[in-house]
Amino acid sequence: MTDEFPPFGGENLPPRELDREKIVQNYDKTMVKKPKNFLIIGLLVIVAFLLGIITLLLVMPKEEKVVLVIPSPSPQELLPSPAATQSGLPINISQRLQSLQTSLQNVDFNQTQFLFPIVDFEIVFEKDN
Amino acid sequence: MTKLVKAILICFFGLLIFYPAQVLGQREVDDYLYQYEKYRDYQKNFEETRDKYLTYQTLTAKDELIKSGKNYLVSRALVLQTYLEVLKLKIKETQNIASDTRTELILSLDEEINWLKDYQSSINNLKNPDLAELLEYSEKLERKEDDYRKSSYRVLAYNLLGQVKQLQQESVAINFLLKEKTKKNQWLTTVTEGADISQKYIESAEEHLDKINSGGVNQISGEFTNFKQELEKARDKLLEILPYQQEILKEVDSD
């Protein structure tokens, strides 16, 4: 007579054979994160865009820039300057006046480039005899 | 690695949104000017094939005329489309314009731009049209001429008005700053009165603009000329008082 105990905790149950292929597959899925494709595509888009911008900048005609020559500041000017001049006016008021003058002179009343195009609205296909 | 890539993507799209609009705006203007040049070529080609057909009256000449006619109609629509896109850009850039006016103009331009795109597609999809059919298409666009001209006047008017108003406001702001510091009352009176006169010219220009908005296309051209004249007077007045403002500033700084 053998002592046979009822199954408890699985001691007397036959061992379950583990599926080795599944272990390997699950291991791959859980342990390694593959970079998502869209992120790689996104990076490629950025690179293409930057190349396009650089090409555009090289091809576009360069406008003449006005070079503002600023004289070296005196020792007093190197001290932290207030937002206003000694008279109490904003420090940039002279620049504002200069900018106003330039803008007023540059208002283009002719707007030649933006006038209505000269196109034929009435098109004749067959002239009457 | 993934977080870094995501951060780069976010920065990239952020930059894309704030990319200088000037580059894009210039491209639209260039596109319009380019299409305008091409239109002239198509126009010339159309006139040549038409003259040839009228002279020889052959089937081959007629086929050539129909082909050149199609291209000509499409090119005309494309010029107008790119022009309206430039107008749309201008109204978006315009300062000192009521937001509902800006919205109304943009929506109106968008509607016409879409109409022109559909129009071009319809012509391109025509299979073996005859001259009568092409004429019918041409007349469809012909009926839109007044609306397009009016839109053009309105947009250019609002754009000019916005520029001059902004400059007048800047002049007034500078006067306000100078007023508190100067003892030169005579000069101050000159610049203040000058800014007020400039404002009166602007208001007069706005009255002409109301007529441009409400008038027929025959009336608009004259009103637009008057409108520009008033704005020019407003601008000239601001230029006139500028030396006084500069002198007041010198006087204040020297005290």
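Details of the structure are given in the entry above.
Below you will find a few notes about this structure. This is a predicted model, so every value here is computed, not measured. (Residues numbered from 1 in each chain as written. Chains lettered and ligands numbered in written order. Predicted model: local features only at pLDDT ≥ 70, side-chain atom pairs only at ≥ 80, totals over all residues. Heavy atoms only, no water.)

**Let's talk about the overall build of chain B**
Next up, step 1: Of the regular secondary structure elements, chain B holds eight helices and zero strands.
Next up, step 2: Along chain B, from the amino end to the carboxyl end, the secondary structure elements read α-α-α-α-α-α-α-α.
Next up, step 3: By the compact-globule yardstick of 18 Å for 255 residues, chain B is too spread out, its C-alpha radius of gyration being 26 Å.
Next up, step 4: Counting only C-alpha atoms, chain B reaches 90 × 65 × 30 Å along its principal axes.
Next up, step 5: Scored against the burial criterion, the 255 residues of chain B give a buried share of 44%.
Next up, step 6: Long-range contacts, defined here as pairs at least 24 residues apart, represent 78% of the contacts in chain B between residues at least 6 apart. (Helix = DSSP H or I, 4+ residues; strand = E, 2+ residues; numbered from the N terminus. Rg over C-alpha atoms; globule rule 2.2 N^0.38 Å. Buried < 20%, exposed > 50% of the residue type's maximum accessible area, 1.4 Å probe, protein only. Contact = heavy atoms within 4.5 Å.)

**A word on a negative patch on the surface**
Next up, step 1: Together, A:Glu122, B:Asp130, B:Glu133, B:Glu136 and B:Glu139 give the surface a local cluster of negative charge.
Next up, step 2: Secondary-structure assignment places B:Glu136 in helix H5 (residues 131-142). (Patch = residues over 30% accessible without salt bridge, like charges linked within 9 Å, V, L, I, M, F, W, Y side chains within 5 Å. Areas by Shrake-Rupley, 256 points an atom, 1.4 Å probe, with all protein chains shown as cover. Salt bridge = Lys/Arg side-chain N within 4 Å of Asp/Glu carboxyl O. Lys, Arg positive; Asp, Glu negative; His and termini not counted. Charge placed at Lys NZ, Arg CZ, Asp CG, Glu CD.)

**Describing the pattern of salt bridges**
Residues and elements named next belong to chain B.
Next up, step 1: In this structure the tally under the stated criterion is twelve salt bridges over all chains.
Next up, step 2: One salt bridge connects Glu64 with Lys52, and the closest N-O pair in it is separated by 3.3 Å. On the criterion of sequence distance, the pair formed by Glu64 in helix H3 (residues 59-93) and Lys52 in helix H2 (residues 21-56) is long-range, its members being twelve residues apart.
Next up, step 3: Look at Lys52 and you get partly exposed, because its relative accessible area is 40%.
Next up, step 4: Lys237 is paired through a salt bridge with Glu240; the nearest N and O atoms lie 3.0 Å apart. In this pair, Lys237 and Glu240 are both assigned in helix H8 (residues 217-254), three residues apart and thus about one turn of the helix distant.
Next up, step 5: Residue Lys237 is classed as buried on the basis of its relative accessible area, which comes to 16%.

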